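The chain contents come next:
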Amino acid sequence: MRKALFLFVLAPVFLGAYDFGANPGYTGAPNASAASPTISGVFDAESERPSFTSGQWVGIYGSGLANTSRMWRDSDFTGGTSPGSPLPTSIDGVSVTIGGQPAAVYFVSSTQVNALAPSNLPLGPADVVVTNNGTPSAAFSANVVPSSPSFFYYAAGGNLYPLAVHLDGTLVGDPAVQSNARKAQPGETLEFFANGIAAAQGGVIAPVTQFPQEISISGGGAPITASAPALIFAGEFQVNGTLPTPLPVGDYPLALNVKDGGSTVDAGVTVVLPVGP
């Protein structure tokens, strides 16, 4: 199973403050290989789905993609950190184009690059190219779709849990396997975070924006009343969901569906919501 690309701190603030824990940290040392970059796959960053939409986080896999391994840091934001400011498009000489447009780059390593798809990509095939210190890869044909929803999630105790929070900011999870987490309760409203609900602006620190897409969420088939999605940072949507009552104790597989769009059901990963005392 492909790893989750991101581990958000879950606040609409400058992304440089987030901990994307599924990626290795900066090593400061170049990789031994200096081979030309080669792309072997391009995926929605939080699933195993080989498609994405504009303004969505994307995982690019291959070899020779970078000579260092690190995520972006404050010094990479040369245009400031206010809404509308540009996101970094190059890290340690590594850049990405999708459909011929530059993409923001969050993380680089020899085998994986995380990037934010540009705005306004035409639907259908799009060439993805990684350039490592002046040497471009061959173009890899990816697929742009209207929506490619996936939950941001984390792994604990053999399960994948949604990267969601209670209204007091506490992480949703099973405290038996994840410290400082608390299970969801029947009738409670939670804040869920998702990738790729709709085509969105890429390349800049996005302002908080409400989206009109109609969505539905369920847990194990039980309907969860969902708010309209809001883009709270580049590539990060927030949806508030109120659980039904009564709701027995258990782990409930989550599904998020976009009307006339995609569904997390075909994402290739199962994210469960823990409900209980």
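Whatever comes next refers back to the structure up there.
On a predicted model such as this, the values are computed, not experimentally measured, just so you know.

Geometry of an aromatic ring pair is reported as the spacing of the ring centres plus the angle between the planes. Across all of its chains, the model carries eight aromatic pairs by this definition. Ring centres 4.9 Å apart and planes at 75 degrees place the aromatic pair Trp72 and Phe77 in the edge-to-face group. In this pair, the class of Trp72 matches that of Phe77, namely buried. Measuring from centroid to centroid gives 5.1 Å for Phe211 and Phe237, while their planes differ by 80 degrees, and the two rings are edge-to-face. Of this pair, Phe211 sits in the loop between strand S17 (209-210) and strand S18 (215-219) while Phe237 is found in strand S21 (residues 236-242), placing the two residues 26 residues apart along the sequence. Judged by its relative accessible area of 14%, Phe211 is buried. Given the relative accessible area of 1%, Phe237 is considered buried.

The next subject is the pairing of strand S20 (residues 230-233). By the bridge criterion, two bridges tie S17 to S20 in an arrangement that is antiparallel. Residue pairing for S20: Gln210 is matched across the bridge by Ala230. Pairing of S20 with S21 involves three bridges; the strand directions are antiparallel. Bridge pairing in S21 links Ala230 to Gln238. What sits between the antiparallel neighbours S20 and S21 is a turn of two residues, in which Gly235 has the positive phi angle 75 degrees.

Note the cis peptide between Thr245 and Pro246, where omega equals 0 degrees. Take Pro246: it is sitting in the loop between S21 and strand S22 (250-258). Positive phi, normally seen in glycine, also occurs at Asn120, with a value near 55 degrees. Relative to the elements of secondary structure, Asn120 occurs in the loop between strand S6 (112-116) and strand S7 (124-132). Positive phi outside glycine occurs at Asp260, with the angle close to 60 degrees. Judged by relative accessible area, which is 77%, Asp260 ranks as exposed.

Reading the values: rules and limits
Residues numbered from 1 in each chain as written. Predicted model: local features only at pLDDT ≥ 70, side-chain atom pairs only at ≥ 80, totals over all residues. Heavy atoms only, no water. Phe/Tyr/Trp six-rings, centres within 6.5 Å; stacked < 30°, edge-to-face > 60°. Buried < 20%, exposed > 50% of the residue type's maximum accessible area, 1.4 Å probe, protein only. Helix = DSSP H or I, 4+ residues; strand = E, 2+ residues; numbered from the N terminus. Pairing = 2+ DSSP bridges.

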